[in-house]
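Secondary and tertiary structure notes
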Amino acid sequence: MINMNKRIFWLLFGSFISLSLVQAETVIKDSFGGTGQRASGEKLNKTATESRNAIWDSTPTVILGEDGGKGCVVVSDNTGFLAKLKIPANNKVIRIEADAHPMPSGDADRIGFVMIGMGKPVGFNINWLSGIYLSLDVKGRAAVYYHPELNDGVDPNKGLGVKGIKSAMIKSFKADGMNKMALEYDVSSGTVSAWVNDEEVVNRFALEKTGFTPVLESLGFSGWALQSNTPLLTDFTVTLK
């Protein structure tokens with residue numbers, strides 16, 4: 001009888017631990033479709049994500065769109081843009097994923113890019129001040145950066161102070177379609193990893209080597225010099241553990 005009680009105890013204890021692990025993970029998703037409170041053609045700013053009801057804070061140029069019946073975002077011009085969500089505190093791992101299609105703006109002198117990142121952007125700074133980000137340009141080059149400064153001076157979008165970690169040409173880059181971007185920061189170990197279309201850009205780079213620790217208040221996507229009014233990004237997912 002004693003052994004049976006012990007068995008029941010450990011089964012219940014194991015179930016409790018498993019449930020705790022499941023509950024410890026938070027997933028925020030947004031495919032930018034109509035939710036009854038927003039519709040294609042409206043601004044993304046101040047709308048809620050499709051899960052977890054997180055509220056977007058974005059430049060007015062980020063617009064809800066539609067691509068083959070599926071939700072997406074577009075930008076209304078080819079200047080810099082940013083959309084961010086607040087990050088809940090006390091996470092051990094933060095992972096951002098999105099499908100993105102960076103298309104040239106038509107200006108041959110500017111190589112546009114889309115980014116997913118996290119940090120403490122001042123206003124609508126696209127460079128994720130005090131944070132880290134993964135960039136993918138219109139030619140298929142991916143790069144991971146960190147930004148150790150909280151202030152870039154007169155023009156915060158000039159990107160002064162940005163430091164490169166690693167870059168790579170993505171062999172599977174789709175110039176005519178969506179590309180899966182993923183950026184992960186392991187807070188507990190202080191390491192950064194990133195992939196595009198499952199191709200590794202950087203694997204567990206230790207930020208402690210740089211003497212930099214991110215200040216993480218927001219996360220989201222941003223970019224510059226991309227084609228306007230065409231599907232840019234969809235299936236944005238944040239996983240917090």
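All values derive from a computational prediction rather than experimental measurement. (Residues numbered from 1 in each chain as written. Predicted model: local features only at pLDDT ≥ 70, side-chain atom pairs only at ≥ 80, totals over all residues. Heavy atoms only, no water.)

**A word on unusual backbone geometry**
Negative phi characterises most residues that are not glycine, and trans characterises most peptide bonds. A positive phi is found at Phe 32, a non-glycine position, where the angle reads about 65 degrees. Tracing the chain through its elements places Phe 32 in the loop between strand 1 (26–30) and strand 2 (57–58). Judged by relative accessible area, which is 1%, Phe 32 ranks as buried. The backbone phi angle of Asn 53 is positive, close to 55 degrees, even though this residue is not glycine. By relative accessible area, Asn 53 is classed as exposed at 55%. (Helix = DSSP H or I, 4+ residues; strand = E, 2+ residues; numbered from the N terminus. Buried < 20%, exposed > 50% of the residue type's maximum accessible area, 1.4 Å probe, protein only.)

**What about the side chain of Glu 184?**
By secondary structure assignment, the location of Glu 184 is in strand 11 (residues 179–186). Of note is the side chain of Glu 184, whose polar atom sits 3.0 Å from the side chain of Arg 95. Contacts of Glu 184, omitting those with residues within four sequence positions, involve Val 93, Ile 94, Arg 95, Thr 191, Val 192, Ser 193 and Trp 195. (Polar contact = N/O pair within 3.5 Å; in protein donor to acceptor, adjacent residues only side chain to side chain. Contact = heavy atoms within 4.5 Å.)

**Some remarks on the sheet that holds strand 14 (residues 218–224)**
Whenever strands of a sheet pair, they do so through backbone hydrogen bonds, lying parallel or antiparallel. Taken together, seven strands build an open sheet; the order of strands is 2-5-14-7-8-9-10 and the sheet is antiparallel. Only two strands of the sheet have a single neighbouring strand rather than two, namely strand 2 and strand 10 (163–169). (Pairing = 2+ DSSP bridges.)

**So, the pattern of salt bridges**
Working definition: two side chains of opposite charge can pair if their charged atoms are close together. What the rule picks out here adds up to nine salt bridges. With its nearest N and O atoms 3.7 Å apart, the salt bridge here joins Arg 38 to Glu 50. With a gap of 12 residues between them, Arg 38 in the loop between strand 1 and strand 2 and Glu 50 in the loop between strand 1 and strand 2 connect regions that are remote in the sequence. In this structure, Lys 70 and Asp 235 form a salt bridge, with 2.6 Å as the shortest nitrogen-oxygen distance. Within this pair, whereas Lys 70 is found in strand 4 (residues 70–75), its partner Asp 235 is found in strand 15 (residues 233–240), the two being separated by 165 residues in sequence. Judged by its relative accessible area of 22%, Asp 235 is partly exposed. Residues participating in the shared-partner salt-bridge network are Asp 30, Arg 38 and Glu 50. (Salt bridge = Lys/Arg side-chain N within 4 Å of Asp/Glu carboxyl O.)

**Some details on the pairing of strand 12 (residues 191–196)**
Burial of strand 12 is extensive: five of the six residues sit out of reach of the surface. Here six bridges tie strand 11 to strand 12, and the two strands are oriented antiparallel to one another. The residue bridging Tyr 185 from the neighbouring strand is Val 192, located in strand 12. Where strand 11 folds back onto strand 12 in an antiparallel hairpin, the turn is made up of four residues, including Gly 190, whose phi is positive at roughly 70 degrees. Between the antiparallel neighbours strand 12 and strand 13 (residues 199–206) lie two residues, among them Asn 197 with a positive phi of about 55 degrees.

**Some points on the pairing of strand 4**
With five of six residues buried, strand 4 lies mostly within the body of the structure. Sheet topology note: the strand 3 (residues 62–67)/strand 4 ladder contains six bridges and is antiparallel. Residue pairing across strands places Ile 63 opposite Val 74, the latter belonging to strand 4. Remark: two residues form the turn of the hairpin made by strand 3 and strand 4, two consecutive strands paired antiparallel; Gly 68 in that turn has positive phi of roughly 60 degrees.

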